[in-house]
Amino acid sequence: MGTTRIQWADKVWNPITGCTKISEGCKNCWAERFALRLQKDEKLAGIKSKYENGFMMTLHIDSLVQPERWKRGRIFVCSMGDLFHKDVPEEFIINVFQEMKRNPQLIFLTLTKRPERLVEFITKHPEFILSHIWFGVSAENQHWFDLRVKMLTEMPSNTNLYVSLEPLLERIKIGFTDRIRWVLCGAETGQGKRPFSMFWATEIYRDCKQNNIPFFFQKDGFGEYRGELPRELPDFNH
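What this report covers is the structure whose coordinates are included nearby. On a predicted model such as this, the values are computed, not experimentally measured, just so you know.

1. Some words on the packing of helix H3 (residues 90–101) against helix H4 (residues 115–124)
Then comes step 1: Close contact between H3 and H4 brings their axes to 12 Å; oriented N to C, the two are set at 70°. The orientation of H3 with respect to H4, classified from their angle, is roughly perpendicular. Seen from above, H3 lies across H4 with right-handed handedness. On H4, the residues touching Glu90, Ile93, Ile94 and Phe97 of H3 are Arg117, Phe121, Ile122 and Lys124.
Then comes step 2: In the contact of H3 with H4, the residues fall into five nonpolar, no polar and three charged.

So, in structure tokens, the structure goes:
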């Protein structure tokens, strides 16, 4: 399963699936809902087998070489889990990064809510600091933005860093603008979704524009807002 409705990626790659909740943004986790649905879907036998454990942390060794089939595109790494979860063995993370290193024709977008382990890993393995691998953190409010992005900026100066504000639960003032190269933003979707204000997103866009940071508004679930905010991409070749 490589195709995706995530608008800022061309494909998803899930060598691991599953996670555990650690902050407010995890409350209505769409990946968990999707995994539990796939676990029961008899019409999708091939995919269903990957989710026999539901949303428990699971390694998928058979998926490690999947990127070798793709010639180009932006690849969201572990859309259905967190590669830097404490239960993912470091040896497996190394295998994932080695596969990314072998495929420079692709842009890999890693994303985590656990930047402390990401920073520790890259400090030990600087050979994986490559121009086609991007490192991002997810933050839903100001508290987690300040904490996670501060940790992220401890990465070496030659790393490509970005931030995903999904699901956005409040107005966030963008800081650390000298290091961030891309900001993604989107509302919570699905059953039980929490309130979202276009004012928050618009103010974040203004922060980004003032600091020349590309801003991408994920519009799924909010079709009435289409066209009001941009879907900008950074220069991935820089």
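Moving on from the coordinates now.
2. Thoughts on the layout of surface pockets
Then comes step 1: Its boundaries defined by the atoms lining it, the largest pocket holds a volume of some 1200 Å³.
Then comes step 2: In this structure, the largest pocket is lined by 42 residues; those nearest its centre are Ile6, Trp30, Ala31, Phe76 and Ser79.
Then comes step 3: Sorting elements by how many residues they give to the lining of the largest pocket places helix H1 (residues 30–40) first, with six residues.
Then comes step 4: Class assignment of the residues belonging to the lining of the largest pocket gives a composition of 17 nonpolar, 14 polar and eleven charged.

3. Description of the pairing of strand E7 (residues 160–165)
Then comes step 1: Of all the six residues making up E7, six are buried; the element is thus mostly covered by neighbouring parts of the structure.
Then comes step 2: Judged by which residues are buried, E7 turns out to be covered on both faces: Asn160, Tyr162 and Ser164 on one side and Leu161, Val163 and Leu165 on the other are all buried.
Then comes step 3: By the bridge criterion, five bridges tie strand E6 (residues 133–138) to E7 in an arrangement that is parallel. Each residue of the ladder has a partner; that of Ser138, found in E7, is Ser164.

4. A word on unusual backbone geometry
Then comes step 1: The residue after Glu166, namely Pro167, is reached through a cis peptide bond having omega -5°.
Then comes step 2: Its identity as a non-glycine residue notwithstanding, Cys78 has a phi of 65°, on the positive side.
Then comes step 3: You can call Cys78 buried: its relative accessible area is 2%.
Then comes step 4: Positive phi, normally seen in glycine, also occurs at Phe176, with a value near 55°.
Then comes step 5: Relative to the elements of secondary structure, Phe176 occurs in the loop between E7 and strand E8 (180–186).

5. Some thoughts on helix H6 (residues 198–210)
Then comes step 1: Compared with the 18 Å implied by 1.5 Å per residue over 13 residues, the 18 Å span of H6 between its first and last C-alpha is a close match.
Then comes step 2: Taken together, the buried positions of H6 are occupied by Met198, Trp200, Ala201, Glu203, Ile204, Tyr205, Asp207 and Cys208.
Then comes step 3: For H6, the secondary structure elements touched by its buried residues are E7, E8 and strand E9 (215–218).
Then comes step 4: Backbone nitrogen of Phe199 and a side-chain oxygen of the N-cap are separated by 3.1 Å at the start of H6; the cap is Ser197.

6. Description of the sheet that holds E7
Within a sheet, adjacent strands bond to each other through the backbone by hydrogen bonds, running parallel or antiparallel.
Then comes step 1: Spatial strand order, E1-E4-E5-E6-E7-E8-E9: seven strands in an open sheet with parallel pairing. In this open sheet, the two edge strands, each paired with only one partner strand, are strand E1 (11–13) and E9. Across the sheet, the axes of successive neighbouring strands diverge by a mean angle of 25°, strand direction being ignored.
Then comes step 2: For E7 and E8, the ladder comprises four bridges, and the chain directions are parallel. For Val163, the partnering residue across the bridge sits in E8 and is Val183.

About the thresholds
- Residues numbered from 1 in each chain as written.
- Predicted model: local features only at pLDDT ≥ 70, side-chain atom pairs only at ≥ 80, totals over all residues.
- Heavy atoms only, no water.
- Axes fitted to C-alpha atoms, helices over the stretch in contact; angles between N-to-C directions.
- Helix = DSSP H or I, 4+ residues; strand = E, 2+ residues; numbered from the N terminus.
- Parallel < 35°, antiparallel > 145°, perpendicular 65-115°, else oblique.
- Left-handed = near helix turned anticlockwise from the far one by under 90°.
- Contact = heavy atoms within 4.5 Å.
- Nonpolar A, V, L, I, M, F, W, Y, C, P; charged D, E, K, R; others polar.
- 1 Å grid on protein atoms, 1.4 Å probe; cavity = no way out; pocket = protein on both sides within 12 Å on 5 of 7 lines; lining within 4 Å.
- Points joined across faces, edges and corners; volume = space filled by probe spheres on them.
- Buried < 20%, exposed > 50% of the residue type's maximum accessible area, 1.4 Å probe, protein only.
- Pairing = 2+ DSSP bridges.
- Expected span 1.5 Å × (residues − 1).
- Polar contact = N/O pair within 3.5 Å; in protein donor to acceptor, adjacent residues only side chain to side chain.

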